[in-house]
Amino acid sequence: YWKKRKTKKISIVRVTEIDKFSGNPYKRAKKIKKRIGLSFKISLLIIVSVAWLGLLMYLPYFQIKQIDYRGLKNISKSELESYLNVNFFKHGRVLPWNNYFLINREKMAKKIGVNFPARNIEVKKYFPDKIEIVLEEKISTLIYDNGIRYYLMDNSGNIIKYLTEISKDEFR
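Residues numbered from 1 in each chain as written. Predicted model: local features only at pLDDT ≥ 70, side-chain atom pairs only at ≥ 80, totals over all residues. Heavy atoms only, no water.

A. Representation of the overall build of the protein within the structure. Along the backbone of the protein there are five helices and eight strands. Burial statistics for the protein: of 172 residues in total, 23% are counted as buried. A separation of at least 24 residues holds for 40% of the contacts in the protein among residues at least 6 apart in sequence. Roughly 13800 Å² of accessible area belongs to the protein as shown, and the carbon and sulfur atoms make up 57% of that amount. (Helix = DSSP H or I, 4+ residues; strand = E, 2+ residues; numbered from the N terminus. Buried < 20%, exposed > 50% of the residue type's maximum accessible area, 1.4 Å probe, protein only. Contact = heavy atoms within 4.5 Å. Areas by Shrake-Rupley, 256 points an atom, 1.4 Å probe, with all protein chains shown as cover.)

B. Structural context of the pairing of strand β5 (residues 130-137). The sheet contact formed by strand β3 (residues 66-70) and β5 spans five bridges and is parallel. If you follow arginine 70 over to β5, its bridge partner there is valine 134. Taken together, the eight bridges between strand β4 (residues 118-126) and β5 define a ladder with antiparallel strand orientation. Of the residues in β5, the one forming a bridge with asparagine 120 is glutamate 136. Between β4 and β5, which pair antiparallel in sequence order, lie three residues. (Pairing = 2+ DSSP bridges.)

C. How the structure looks around the pattern of salt bridges. The tally for this structure, following the rule as stated, stands at seven salt bridges. The residue glutamate 106 makes a salt bridge to arginine 105 at a minimum N-O spacing of 3.8 Å. Judged by its relative accessible area of 47%, glutamate 106 is partly exposed. (Salt bridge = Lys/Arg side-chain N within 4 Å of Asp/Glu carboxyl O.)

D. Up close: the packing of helix α4 (residues 77-87) against helix α5 (residues 105-115). For the pair α4 and α5, interaxial distance at closest approach is 12 Å and the crossing angle is 130°. Taken together, the axes of α4 and α5 are oblique relative to one another. Remark: the crossing between α4 and α5 carries right-handed chirality. Counted together, Leu80, Tyr83 and Leu84 of α4 and Met108, Lys111, Ile112 and Asn115 of α5 form the full contact between these two elements. Of the residues that constitute the contact of α4 with α5, the class distribution is five nonpolar, one polar and one charged. (Axes fitted to C-alpha atoms, helices over the stretch in contact; angles between N-to-C directions. Parallel < 35°, antiparallel > 145°, perpendicular 65-115°, else oblique. Left-handed = near helix turned anticlockwise from the far one by under 90°. Nonpolar A, V, L, I, M, F, W, Y, C, P; charged D, E, K, R; others polar.)

E. Summary view of the environment of methionine 153. Take methionine 153: it is sitting in strand β7 (residues 149-153). Among all residues touching methionine 153, those that are not within four sequence positions of it are Ile139, Ser140, Thr141, Leu142, Tyr144, Asn158, Ile159 and Ile160.

F. Region of interest: the sheet that holds β4. Strand order in the open sheet formed by three strands is β3-β5-β4, with mixed pairing between adjacent strands. Sheet topology places β3 and β4 at the edges, where each strand pairs with a single neighbour. Shown here is a sheet whose adjacent strand axes are inclined to one another by a mean of 15°, direction ignored. Along the sheet face, α4 touches β3 and β5 and points at about 135° away from the line of β3.

G. Structural view of the sheet that holds β7. Ordered in space as β6-β7-β8, the three strands form an open sheet in which the pairing is antiparallel. Sheet topology places β6 (142-145) and β8 (159-165) at the edges, where each strand pairs with a single neighbour. Here the average twist between neighbouring strands, direction ignored, is 30°. Where β7 and β8 come together, five bridges link them in antiparallel fashion. Bridge assignment links tyrosine 151 to a residue of β8, and that residue is tyrosine 162.

H. Geometry of the side chain of asparagine 98. Mapping asparagine 98 onto the fold places it in the loop between α4 and α5. Of the polar contacts made by the side chain of asparagine 98, one reaches the side chain of glutamine 63; its length is 3.5 Å. Excluding residues within four positions of it along the chain, asparagine 98 makes contact with Phe62, Gln63, Ile64, Phe88, Phe89, Lys90, His91 and Ile103. (Polar contact = N/O pair within 3.5 Å; in protein donor to acceptor, adjacent residues only side chain to side chain.)

Interpretation note: all reported values are geometric properties and have no functional meaning in isolation.
The following block contains the structure:
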């Protein structure tokens with residue numbers, strides 16, 4: 001197969017003015033062979049790679065469609081869901097950030113830990129379109145009253161959650 005292929009390569013015969021009038025009429029003309037260049041192969045590889053990455057980013061098959069929450073007690077599901085939609089699953093100008101391949105589990109767990117009262121946070125990705133968030137919330141031990149508002153506090157004295165305002169007629 002390869003021998004036949006090699007003989008069928010495109011060849012261009014360049015005949016110069018001097019070669020036309022040389023002494024030997026049976027002399028073979030010089031052949032210059034042109035091959036598909038390395039730059040063409042590299043550019044074809046780059047085009048195919050970019051198209052493949054584009055398909056991975058924009059196909060709806062890889063968009064996150066389902067989020068499961070486990071261990072929610074004091075934190076409401078809607079509150080956590082709205083936080084995730086605003087900060088992680090928004091559509092950018094160029095890239096859709098709710099793609100399976102673009103979601104960073106560690107970054108998501110850290111930001112949830114900063115903004116919500118949780119001890120252990122575990123974010124699991126299930127191919128192709130599911131995320132599971134497992135929370136272990138901090139235990140609230142007392143309700144703090146500062147004369148204006150009520151707060152839930154944990155064992156170390158950190159405020160976990162704002163509860164409500166104190167009404168004016170409550171202590172009169």
